[in-house]
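Structure at a glance
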Amino acid sequence: MYVCICNGITDTTIRQAASDGVRSLAELTMRTGCAGSCGACADFAAQVLHEAMPRNARAFELPILAAA
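Quick look at the structure, then.

How each quantity is defined
- Residues numbered from 1 in each chain as written.
- Predicted model: local features only at pLDDT ≥ 70, side-chain atom pairs only at ≥ 80, totals over all residues.
- Heavy atoms only, no water.
- Helix = DSSP H or I, 4+ residues; strand = E, 2+ residues; numbered from the N terminus.
- Buried < 20%, exposed > 50% of the residue type's maximum accessible area, 1.4 Å probe, protein only.
- Contact = heavy atoms within 4.5 Å.
- Disulfide = S-S within 2.5 Å.
- Core = buried A, V, L, I, M, F, W, Y, C linked by side-chain atoms within 4.5 Å.
- Polar contact = N/O pair within 3.5 Å; in protein donor to acceptor, adjacent residues only side chain to side chain.
- Salt bridge = Lys/Arg side-chain N within 4 Å of Asp/Glu carboxyl O.

For the protein chain, the helix and strand inventory stands at four helices and two strands. Listed N to C, the secondary structure of the protein chain is β-β-α-α-α-α in terms of helices and strands. Within the protein chain, buried positions represent 29% of all 68 residues. Across the protein chain, the fraction of contacts at a sequence separation of at least 24, relative to all contacts at a separation of at least 6, is 49%.

Taken as a whole and judged by the stated rule, the model has zero disulfides. Left without a disulfide partner, Cys-38 is nearest to the cysteine sulfur of Cys-6, which lies 3.8 Å away. For Cys-38, a relative accessible area of 57% translates into the label exposed. This cysteine, Cys-41, is not joined by any disulfide, and Cys-4 carries the nearest cysteine sulfur, 3.9 Å off.

Ranked by internal contacts, the top residues of the largest apolar core, which has 16 residues, are Ile-14, Leu-28, Cys-34, Cys-41, Ala-45 and Leu-49. The leading source of residues in this core is helix H3 (residues 42-52), at four residues.

By the element assignment, Asp-11 lies in helix H1 (residues 11-19). In terms of polar contacts, Asp-11 uses its side chain to reach the backbone amide nitrogen of Met-1, at 2.9 Å. With residues near it in sequence (within four places) discarded, Asp-11 still touches Met-1, Val-3 and Val-48.

Notably, Ala-35 is not glycine yet its phi reads approximately 65 degrees, a positive angle. Of note, Ala-35 is situated in the loop between helix H2 (25-32) and H3.

Looking now at the pattern of salt bridges. Scanning the model with the defined rule gives two salt bridges in all. Arg-15 is the partner of Asp-11 in a salt bridge, and the nearest nitrogen-oxygen pair spans 3.7 Å. With a gap of four residues between them, Asp-11 and Arg-15 both fall in helix H1, about one helical turn apart. We classify Asp-11 as buried; its relative accessible area is 14%. Given the relative accessible area of 37%, Arg-15 is considered partly exposed. Glu-27 is the partner of Arg-31 in a salt bridge, and the nearest nitrogen-oxygen pair spans 3.0 Å. With Arg-31 and Glu-27 both in helix H2 and four residues apart, the pair spans about one turn of that helix. The exposure class of Arg-31 is exposed, given its relative accessible area of 51%.

Rendered as structure tokens:
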């Protein structure tokens, strides 16, 4: 299913990005262009990304420097 109509990004693309190590919407946008145009899909794209992340990757949401 298409998540980002503006850039033609599907949920499959987002799930693949998650398995490739993408851990934030900002990084997803940089790598795929998803949510980079109008931004209407940003919340849903972030949800799909979060659900596709491996369980151990969600345990330590970064940035760590913000906590320092």
